[in-house]
Amino acid sequence: MECAPSADGIGIVNPHSVILITVDCLRADHVGFLGYQRPTTPFLDCLAEESVVFENAIAAGAPTYYAMPPMLASRYPLALGRDVLGIVPEESTLASVLQESGFATAAFSAANPYISPRFGYDRGFEVFADFLHGSEPTGASGTRSGNFRNRANRLLANACHSVGLGGAYDEIYFQYCQRLAARRDVSLDAVRRFPSAEILIDNAMRWLKEHCHQRFFLWLHFMDAHGPYFPKTEALKIMSRGDLDAVRAVYLNSYWNRGDVSVERLRTKREDVVALYDTGIRWVDEQVRRLAENLVELNVWDRCALAVTADHGEEFLEHGGRAHLPKKLTEELLHVPLMLRVPASPKHRVQSPSSLLDLAPTLLDVAGIPVPAEFRGRSLWGQLRKGKFQERPVLSECVYDCTNPFFPKDRMGPRLLAIRLSQYKLVLDFAGGSGQLYDLSRDPGEKAPLAMSEAAEVRQKLLTAAKRHLVESCQSRDFDRRMASHVREYRLELARSATHARN
Ligand SMILES: [Zn+2]
């Protein structure tokens, strides 16, 4: 199929349906349409030619549990209070608004424990498959998402992370992988922790067959680029990295996760680890192509608005760290790709920093659906159609070092807040009481903060935006919603405990 299939829907002002694709951990600088040299995204690069590409899209929070409420509910992650996690009961989301407007709705999320009904993400979805509890739908071939070991890995990982034993589990998991790999007959499918992209696409295609004749909203959340990095063997061949077999991949992931190795020694493995990560991205690209081909066959491709983005990025030692822990708000964690394809609409490349807080209202606007007043973001669609883009401060926040939000007390740490305007970025660390201003045009790696005497006017402007944000954040702590959120968590926790007791 060509990247731009025949457009029998050209001229449609409001596309009938909306598809949102989020790729966990996908950095902006690892996709071809934003300049990456490795062939990670040939299909998306092609789509980008006929889309709006936001060159500086910024996540409003990181990691997943701080990134998703802004994207789906257009609300800052800490706006209801640091103790509240996820989507709260009765909160308007992109899905709930589209469902109320008559859209068929479905979500397929590749076993991210934070994207689950426990945290309200099923709100607005008739079908919500999170692949977390071993009862997930099957792939097109009839095979379950991975084999028994794969599912057992996930279940055990989720259980351990939810009771604060995540670190211990991770260590044991890699010992287990090492032993498996030592047998030399192990496959990447056996050690992968998350269902790979083709399984989600198989399920989505089955659902589309039944629902594509009405307006629909489909959300797909892929984990192929999330660590531990165990890509599909087929994708490694496509990327000409057949040398990275299961044995090698287990070794690399194990090494990469060690806490007792210096950054200098880790750097010696960085290129191969990044190659595994890139291969996960390539597999998603291949599967999005399959989805698009299926939509063409169903004759609905040109009646779909498609957004492709990420919840947050991933660090590969740029600031001495790995993965995406909430200990910093650097560009490798916040700068994500964002592409919006709306058939028969103007194409742009937007260079101004843009917040994912604006994504849900923009998608509703594209679909011709009124945006709820409670959404904090604004639709960019009007500006995009006019070709004029008004810049405003873009904010991102998280709770410092909240690496296990299953523990409510871990959610109560001090806030990290980043404010971006043009090439300037101010990072406020409420734990350390510091505020560092960067000029990303001169210092894209955020290595040398400006002196207090430099760019004083910009610093003041960003501090004013931060102050306004904090005041609004305090004023928006709706008591009823906070309590409803806590009641939901306790209820689910009780149900879980009762199930464990029965078993
Ligand atoms: Zn994530």
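Up top is the structure.
What counts and how
Residues numbered from 1 in each chain as written. Predicted model: local features only at pLDDT ≥ 70, side-chain atom pairs only at ≥ 80, totals over all residues. Heavy atoms only, no water. Helix = DSSP H or I, 4+ residues; strand = E, 2+ residues; numbered from the N terminus. Buried < 20%, exposed > 50% of the residue type's maximum accessible area, 1.4 Å probe, protein only. Contact = heavy atoms within 4.5 Å. Areas by Shrake-Rupley, 256 points an atom, 1.4 Å probe, with all protein chains shown as cover. Salt bridge = Lys/Arg side-chain N within 4 Å of Asp/Glu carboxyl O. Pairing = 2+ DSSP bridges. Axes fitted to C-alpha atoms, helices over the stretch in contact; angles between N-to-C directions. Parallel < 35°, antiparallel > 145°, perpendicular 65-115°, else oblique. Left-handed = near helix turned anticlockwise from the far one by under 90°. Nonpolar A, V, L, I, M, F, W, Y, C, P; charged D, E, K, R; others polar. Donors = N, O, S within 2.8 Å, 3.2 Å for Na, K, Ca; no water. Core = buried A, V, L, I, M, F, W, Y, C linked by side-chain atoms within 4.5 Å. Phe/Tyr/Trp six-rings, centres within 6.5 Å; stacked < 30°, edge-to-face > 60°. Lys NZ or Arg CZ within 6 Å of the ring centre and 35° of its normal.

Right, let's get into the overall build of the protein chain. Scanning the protein chain for helices and strands turns up 15 helices and 17 strands. For the protein chain, with 503 residues in total, the buried portion stands at 59%. Taking the contacts inside the protein chain whose residues are at least 6 apart along the sequence as the reference set, 71% of them involve residues at least 24 apart. Within the structure as shown, the protein chain displays about 20,000 Å² of accessible surface, and the carbon and sulfur contribution to it stands at 52%.

What follows concerns the pattern of salt bridges. Pairs may arise between side chains of opposite charge once their charged atoms sit close together. Taken as a whole and judged by the stated rule, the model has 33 salt bridges. A salt bridge links Arg241 to Asp243; the nearest nitrogen and oxygen atoms lie 3.0 Å apart. For Asp243, a relative accessible area of 47% puts it in the partly exposed group. We note a salt bridge from Glu318 to Arg270, for which the minimum N-O separation is 3.0 Å. Here the residue Glu318 occupies a position in the loop between strand E8 (315-316) and strand E9 (322-323), and Arg270 occupies one in helix H10 (residues 263-297), the gap between them amounting to 48 residues. Taking relative accessible area as the criterion, Glu318 reaches 22% and is therefore assigned partly exposed. Via salt bridges that share partners, Arg27, Asp29, Arg270 and Glu318 belong to a single interconnected network.

Moving on to the sheet that holds strand E2 (residues 52-54). The sheet built from 8 strands is open, its strands ordered E5-E4-E6-E1-E7-E11-E2-E12 with mixed pairing. At either margin of the open sheet sits one strand with a lone partner, and together these are strand E5 (127-129) and strand E12 (348-350). Each adjacent strand pair in this sheet contributes to an overall mean axis angle of 10°, direction not counted. Bridge analysis of strand E7 (residues 304-309) against strand E11 (residues 338-341) gives 4 bridges, and the strand direction is antiparallel. Bridged to Ala307 within E11 is Leu340. Across the sheet, helix H7 (residues 197-211) touches strand E4 (104-109), E5 and strand E6 (216-222), and the angle it forms with E6 is around 175°.

Moving on: the packing of H7 against H10. Close contact between H7 and H10 brings their axes to 9 Å; oriented N to C, the two are set at 15°. On the basis of their axis angle, the class for H7 and H10 is roughly parallel. For the crossing formed where H7 meets H10, the hand is right-handed. Contacts between H7 and H10 involve Ala197, Glu198, Ile201, Asp202, Met205 and Leu208 from the first element and Trp283, Val284, Gln287, Arg290, Leu291, Asn294 and Leu295 from the second. Tallied by class, residues from the contact of H7 with H10 come to 8 nonpolar, 2 polar and 3 charged.

It is worth spelling out the coordination of the zinc ion at this point. Every protein donor of the zinc ion is accounted for by Asp24 (OD), Asp24 (OD), Thr64 (OG1), Asp311 (OD) and His312 (NE2), and the metal-donor separations fall at 2.0 to 2.7 Å. Sequence positions of the residues that donate to the zinc ion give the spacing D-x39-T-x246-D-H. Highlighted residues: Thr64 in helix H2 (residues 64-73) and Asp311 in the loop between E7 and E8, separated in sequence by 247 residues. Each member of the pair, Thr64 together with Asp311, is buried.

This part takes up the pairing of E11. Burial along E11 is two-sided: the face carrying Leu338 and Leu340 and the face carrying Met339 and Arg341 are both buried. For E2 and E11, the ladder comprises 2 bridges, and the chain directions are antiparallel. Residue pairing in the sheet places Val53 in a bridge with Met339 of E11.

Moving on, we get to the environment of Ser476. Along the chain, Ser476 falls in the loop between helix H14 (456-475) and helix H15 (479-502). Measuring from C-alpha to C-alpha, the distance between Ser476 and Ala79 comes to 6.1 Å, with 397 residues separating the pair along the chain. Excluding anything up to four places from it in sequence, Ser476 contacts Ala79 and Leu80.

This part takes up the nonpolar core. Membership of the largest hydrophobic core comes to 135 residues, with the highest contact counts inside it found for Leu218 and Trp219. Among the elements that line this core, the one with the most residues is H10, at 13 residues. Listed in part, the 17 residues of the second largest apolar core include Ala79, Leu417, Tyr424 and Leu437.

Let's shift gears to the packing of aromatic side chains. What the rule picks out here adds up to 15 aromatic pairs. An angle of 65° between the planes, with centres 5.0 Å apart, marks the rings of Tyr65 and Tyr66 as edge-to-face. Ring centres 6.0 Å apart and planes at 40° place the aromatic pair Tyr229 and Phe316 in the tilted group. Residue Tyr229 is found in the loop between E6 and helix H8 (233-238), and its partner Phe316 is found in strand E8; the two are separated by 87 residues along the sequence. Judged on exposure class, the residue Tyr229 and its partner Phe316 are both buried. Among the aromatic residues, those joined into a cluster by ring pairs are Tyr65, Tyr66, Tyr114, Phe119 and Phe406. Positioned above the aromatic ring of Tyr255 is the side chain of Lys269, whose terminal nitrogen or guanidinium carbon lies 4.6 Å from the ring centre.

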